[in-house]
Amino acid sequence: HRALLWPADPHQRPRCPGGSRPFDVPVTFTHYARDADGDDFAPIVPAPVARDLDRMFPPNGAKLLFYGHNHLPSDEQGRTRYVNPGSLGCSSEAEARFAILEIDDEGEYVLEQHTVPYDPTELFRQFALREVPERDFILGTIFRQQAAS
């Protein structure tokens, strides 16, 4: 996370919004939990509760753990706070989901989750125009309700 929010190149630092700096709160970002062998993703739990998430993610000292993979937003407090902001547009609804995390100098934080509707017409047009590989599969599985409209 430090590399993302605090670029090594000092000339890039002023470009970070709000003078971003390394987190004062232990935060983990991961795509999803791993299986027992660590070779692949664990099976998706469709509507995980804190107990499920505590089992899926090993303790690592994080106060917040952001994850994704299944594109469904959730916010559960277990051993840590588990946050899936949802997908930024890859879902069956024409909605972009995201989270904003603000951390103050004392290490207190505020987390807000947002959903913004969008018109997918241009996205679908670009899929066809650019001949995106596997576009039929992507449109049929990820955007199923939108593609049918």
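In case you missed it, the structure is sitting above this.
Description of the structure in this document.

What counts, and at which threshold
Numbers given to residues run from 1 along each chain, matching the order in which its sequence is written. Per-residue local features of the predicted model are confined to residues with pLDDT of at least 70, and side-chain atom pairs are confined, for both listing and counting, to 80 or more; whole-chain, interface and lining totals are unaffected and use all residues. Computation of side-chain values: all heavy atoms of the structure, hydrogens and water removed. For helices the rule is a DSSP run of H or I covering at least 4 residues; for strands it is a run of E covering at least 2, with both sets numbered from the N terminus onward. Under the scheme applied here, a residue whose accessible area is under 20% of the maximum for its type counts as buried, over 50% as exposed, and between as partly exposed, the area being computed with a 1.4 Å probe on protein chains only. Pairs of residues are marked as contacts when any of their non-hydrogen atoms sit within 4.5 Å. Take a side-chain nitrogen of Lys or Arg and a carboxyl oxygen of Asp or Glu: if they are within 4 Å of each other, that pair is a salt bridge.

### A short note on unusual backbone geometry
Phase 1: With a phi angle near 50 degrees, Glu 131 is a residue other than glycine that sits in the positive phi range.
Phase 2: Mapped onto the fold, Glu 131 is located in the loop between helix H3 (121-129) and helix H4 (135-141).
Phase 3: Here Glu 134, not a glycine, exhibits a phi torsion of approximately 60 degrees, which is positive.
Phase 4: By the secondary structure assignment, Glu 134 is in the loop between H3 and H4.
Phase 5: With a relative accessible area of 58%, Glu 134 lands in the exposed category.

### Quick look at the environment of Ile 142
Phase 1: Mapped onto the elements, Ile 142 comes out in the loop between H4 and helix H5 (144-148).
Phase 2: Under the relative-accessibility criterion, Ile 142 is labelled partly exposed at 26%.
Phase 3: Along the primary structure Ile 142 and Gly 89 are separated by 53 residues, whereas in three dimensions their C-alpha atoms are 9.6 Å apart.
Phase 4: Excluding residues that lie within four positions of it along the chain, Ile 142 makes contacts with His 71, Cys 90, Ser 91, Ser 92 and Phe 137.

### So, the pattern of salt bridges
Pairing is possible between side chains of opposite charge, provided their charged atoms come close.
Phase 1: For the structure on display, the rule yields 5 salt bridges.
Phase 2: For Arg 81, the salt bridge identified is with Asp 75, shortest N-O distance 2.6 Å.
Phase 3: Owing to a relative accessible area of 33%, Asp 75 belongs among the partly exposed residues under this scheme.
Phase 4: Of the charged contacts in the structure, one is a salt bridge between Glu 95 and Arg 97, with a shortest N-O distance of 3.2 Å.
Phase 5: Each member of the salt-bridge network shares a partner with another, and the members are Glu 93, Glu 95 and Arg 97.

Distances and angles like these do not, on their own, reveal function.
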